[in-house]
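Per-entry structural report
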Amino acid sequence: MGRLTRILLPGLLLLGLYYAFFGGRVSVFELRRAHRDLAAAEAELARVRALNDSLRAWADSLADDPAVLERFAREEFGMIRGGEVLYRFDEAGDSTPPGDTLAPR
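Report on the accompanying structure. Everything numeric in this text was worked out from a predicted model, so none of it was measured. (Residues numbered from 1 in each chain as written. Predicted model: local features only at pLDDT ≥ 70, side-chain atom pairs only at ≥ 80, totals over all residues. Heavy atoms only, no water.)

What follows concerns the overall build of the protein. Scanning the protein from terminus to terminus reveals 3 helices and 0 strands. Mapped in sequence order, the helices and strands of the protein form the string α-α-α. The buried share of the protein, reckoned over its 105 residues, is 5%. Here the protein has roughly 10,000 Å² of accessible surface; of this, 62% comes from carbon and sulfur atoms. (Helix = DSSP H or I, 4+ residues; strand = E, 2+ residues; numbered from the N terminus. Buried < 20%, exposed > 50% of the residue type's maximum accessible area, 1.4 Å probe, protein only. Areas by Shrake-Rupley, 256 points an atom, 1.4 Å probe, with all protein chains shown as cover.)

As structure tokens, then:
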């Protein structure tokens, strides 16, 4: 009986440890993957919260500060005040208009 206990007991113990770590509903590998996924989700949440705070500050600035609202209107919509002249510059390299007949032949 002593020899059987010396062989069987450690074998059962090893089998139980194997099942605890690698089998069952939650293995060590799944637990590590869940921790990795949680860390990635927390990082994404922090990024989205920072973006949300930035957008909220921008919206507050547009609502409360007339200078910011004027700058936005000028930059985005090309709005001007009375008496001002708006100049727009084309960033393309070709300065020849599309229907120009003076182009070299």
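The next point concerns the pattern of salt bridges. Within this structure, the stated rule accounts for 6 salt bridges. Residue Arg81 pairs with Glu70 through a salt bridge whose shortest N-O separation is 2.9 Å. In this pair, Arg81 sits in the segment after helix H3 (66–77) while Glu70 sits in helix H3, placing the two residues 11 residues apart along the sequence. Judged by relative accessible area, Glu70 falls into the partly exposed class, the value being 29%. Between Glu84 and Arg74 there is a salt bridge whose closest N-O contact spans 3.0 Å. In this pair, Glu84 is assigned in the segment after H3 and Arg74 in helix H3, connecting sequence segments 10 residues apart. Accessibility expressed as a relative area gives 33% for Glu84, which makes it partly exposed. Arg74 sits in the partly exposed class, given a relative accessible area of 31%. (Salt bridge = Lys/Arg side-chain N within 4 Å of Asp/Glu carboxyl O.)

Once that is clear, we can look at helix H1 (residues 2–22). In an α-helix, one full turn covers 3.6 residues, which means residues spaced three or four apart are oriented alike. The end-to-end C-alpha distance of H1, which contains 21 residues, comes to 30 Å, matching closely the 30 Å that a straight helix rising 1.5 Å per residue would cover. Taken across its 21 residues, H1 has 0 buried, putting it largely on the surface. (Expected span 1.5 Å × (residues − 1).)

A cluster of nonpolar side chains, contributed by Leu13, Leu14, Leu17, Tyr18, Phe21, Phe22 and Phe29, occupies part of the molecular surface with about 790 Å² of accessible area. The element contributing the most residues to the nonpolar patch is H1, with 6 residues. As for its position among the elements, Phe21 is in helix H1. Among the residues examined, Phe21 registers a relative accessible area of 43% and is labelled partly exposed. (Patch = residues over 30% accessible without salt bridge, like charges linked within 9 Å, V, L, I, M, F, W, Y side chains within 5 Å.)

Let us look at the packing of helix H2 (residues 28–64) against H3. At a minimum axis separation of 5 Å, H2 and H3 run at an interaxial angle of 100°. Between H2 and H3, the angle is such that the two are roughly perpendicular. The segment H2 lies against H3, with Trp58, Ser61, Leu62 and Asp64 engaging Pro66, Val68, Leu69, Arg71 and Phe72. Of the residues contributing to the contact of H2 with H3, the split by class is 6 nonpolar, 1 polar and 2 charged. (Axes fitted to C-alpha atoms, helices over the stretch in contact; angles between N-to-C directions. Parallel < 35°, antiparallel > 145°, perpendicular 65-115°, else oblique. Contact = heavy atoms within 4.5 Å. Nonpolar A, V, L, I, M, F, W, Y, C, P; charged D, E, K, R; others polar.)

Taken as a whole and judged by the stated rule, the model has 2 aromatic pairs. Centre to centre, the rings of Phe72 and Phe77 are 5.9 Å apart; their planes meet at 85°, and the pair counts as edge-to-face. Through pairs of rings, three or more aromatic residues link up here, namely Trp58, Phe72 and Phe77. (Phe/Tyr/Trp six-rings, centres within 6.5 Å; stacked < 30°, edge-to-face > 60°.)

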